[in-house]
Amino acid sequence: MIRLDEFRKPFEYEEETGVIWPVRIFCILLISVEMFFCVICLFQLTEILAGIPKVRIAAVVLTVLFMVYILVTITFLYKKAQKHAVKMAKCYLITRLFYFIPSILIIFSHTINDKNAIGSGYGKFQSVRDIIIMLLITPLIYILSFSILWYFYFIKSKRIKEEYEKV
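Residue positions within a chain follow its written sequence, with the count starting from 1. In keeping with the predicted nature of the model, local features appear solely for residues at pLDDT of at least 70, side-chain atom pairs appear and are counted solely at 80 or more, and the whole-chain, interface and lining totals rest on all residues. Values shown for side chains rest on all heavy atoms present in the structure; no hydrogens or waters enter the calculation.

S.K.: Give a description of a nonpolar patch on the surface that names residues and reports values.
M.R.: Residues enter patches when their relative accessible area tops 30% and they take part in no salt bridge; the joining distance is 9 Å for like charges and 5 Å for the nonpolar side chains Val, Leu, Ile, Met, Phe, Trp and Tyr. Method for areas: the Shrake-Rupley scheme with a 1.4 Å probe, in which residue coverage is limited to the protein chains shown. By definition, a salt bridge exists where a carboxyl oxygen of Asp or Glu is found within 4 Å of a side-chain nitrogen of Lys or Arg. A contiguous nonpolar patch, built from Ile-118, Val-128, Ile-132, Ile-133, Met-134, Ile-137 and Ile-141 and spanning about 560 Å² of accessible area, is present on the exposed surface. Along the polypeptide, Ile-133 turns up in helix α4 (residues 128-156). Put simply, DSSP marks the helices as runs of H or I at least four residues long and the strands as runs of E at least two long, and each gets a number from the N terminus on.

In structure tokens:
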């Protein structure tokens, strides 16, 4: 006969060696969304900065380094490198602001000043309002909300403290 006190709550079935689900989701987002966002920024920045070779090379190098930083952060979280993993994740969330916000501003300022950006046809915007919403407001909301929400999660979560900040 099964006693009711023998049943465990769903979160108690977590494997002892596994990574907690919110951290898994965070890592999946880093690989799928953040890497994709980096590639988009890379292609747009290299096109915009084509006339300034040194700045273009610097943008490519920074983007590649940032992508490596994403992979290192994921590795630290999966290897549970104790306190370093959470510090890496928090540093990543701050660093991404310094990478993505200037990138978005450069792409936006280039597009808003391009007389050929507005019109009808493939790859054109219908109005200045569309440019502002699609290239400035939406990406900034995503960038800021992602960093703020995950940063607060890494600071406030009891499970993070239990899993990663054991002494």
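S.K.: Go over the packing of helix α1 (residues 21-48) against helix α2 (residues 53-79), please, and point to the residues and values.
M.R.: A pair of packed helices can be characterised by two numbers: the angle between their axes and the separation between those axes. Between α1 and α2, whose axes approach to 10 Å, the crossing angle comes to 175 degrees. Comparing their axes, α2 and α1 come out roughly antiparallel. Contacts between α1 and α2 involve Val-23, Arg-24, Phe-26, Cys-27, Leu-30, Ile-31, Glu-34, Met-35, Cys-38, Val-39, Leu-42 and Thr-46 on the former and, on the latter, Arg-56, Val-60, Thr-63, Phe-66, Met-67, Ile-70, Leu-71, Thr-73, Ile-74, Leu-77 and Tyr-78. The residue classification treats Ala, Val, Leu, Ile, Met, Phe, Trp, Tyr, Cys and Pro as nonpolar and Asp, Glu, Lys and Arg as charged. All others, Gly included, are polar. Looking at the contact of α1 with α2 residue by residue, the class counts come to 17 nonpolar, three polar and three charged. Note on method: axes are straight lines fitted to C-alpha atoms, helices fitted across the in-contact stretch only, with angles between N-to-C directions ranging 0 to 180 degrees. When describing relative orientation, an angle under 35 degrees is termed roughly parallel and one over 145 degrees roughly antiparallel, while 65 to 115 degrees is termed roughly perpendicular and anything else oblique. For this analysis, residues touch if any pair of their heavy atoms sits within 4.5 Å.

S.K.: Any chance you could break down the nonpolar core for me, citing the residues and the numbers?
M.R.: For our purposes a nonpolar core is just a set of buried Ala, Val, Leu, Ile, Met, Phe, Trp, Tyr and Cys residues, chained together by side-chain atoms within 4.5 Å. We call a residue buried when its accessible area falls under 20% of the maximum for its residue type, exposed when it is over 50%, and partly exposed in between, using a 1.4 Å probe and counting protein chains only. Residues Val-23, Phe-26, Leu-77 and Phe-154 are the most contacted members of the largest nonpolar core, which totals 42 residues. At the level of secondary structure, the elements contributing two or more residues to this core comprise α1, α2, α3 (83-112), α4 and α5 (158-164). Considering each element in turn, this core owes the most residues, eleven residues, to α3. If near-sequence neighbours (up to four positions away) are discounted, Val-23 is found in contact with Leu-77, Phe-154, Ile-160 and Tyr-164.

S.K.: I'd like a description of the packing of aromatic side chains, backed by residues and values.
M.R.: Paired rings are identified among Phe, Tyr and Trp, the last through its six-membered ring, by centres lying within 6.5 Å, and are further divided according to the angle between planes into stacked (under 30 degrees), edge-to-face (over 60) and tilted (the rest). Taken as a whole and judged by the stated rule, the model has 15 aromatic pairs. Pairing Phe-26 with Phe-146 gives two aromatic rings, centres 6.1 Å apart and planes at 25 degrees, and the pair type is stacked. On the criterion of sequence distance, the pair formed by Phe-26 in helix α1 and Phe-146 in helix α4 is long-range, its members being 120 residues apart. Here Phe-26 and Phe-146 have matching classes, each one buried. Summarising the aromatic geometry, the rings of Phe-37 and Tyr-142 are spaced 5.8 Å apart at their centres and angled 85 degrees between planes, so their arrangement reads as edge-to-face. Of this pair, Phe-37 sits in helix α1 while Tyr-142 sits in helix α4, and the two are 105 residues apart along the sequence. We classify Tyr-142 as partly exposed; its relative accessible area is 25%. Three or more aromatic residues joined by ring pairs make a cluster, and in this case those are Phe-26, Phe-37, Phe-66, Tyr-69, Tyr-92, Tyr-99, Phe-100, Tyr-142, Phe-146, Trp-150, Tyr-153 and Phe-154. For a ring to carry a charge above it, either NZ of a lysine or CZ of an arginine must fall within 6 Å of the ring centroid while also lying within 35 degrees of the normal to the ring plane. Just above the ring of Trp-21 sits the side chain of Arg-24; from NZ or CZ to the centre is 4.6 Å.

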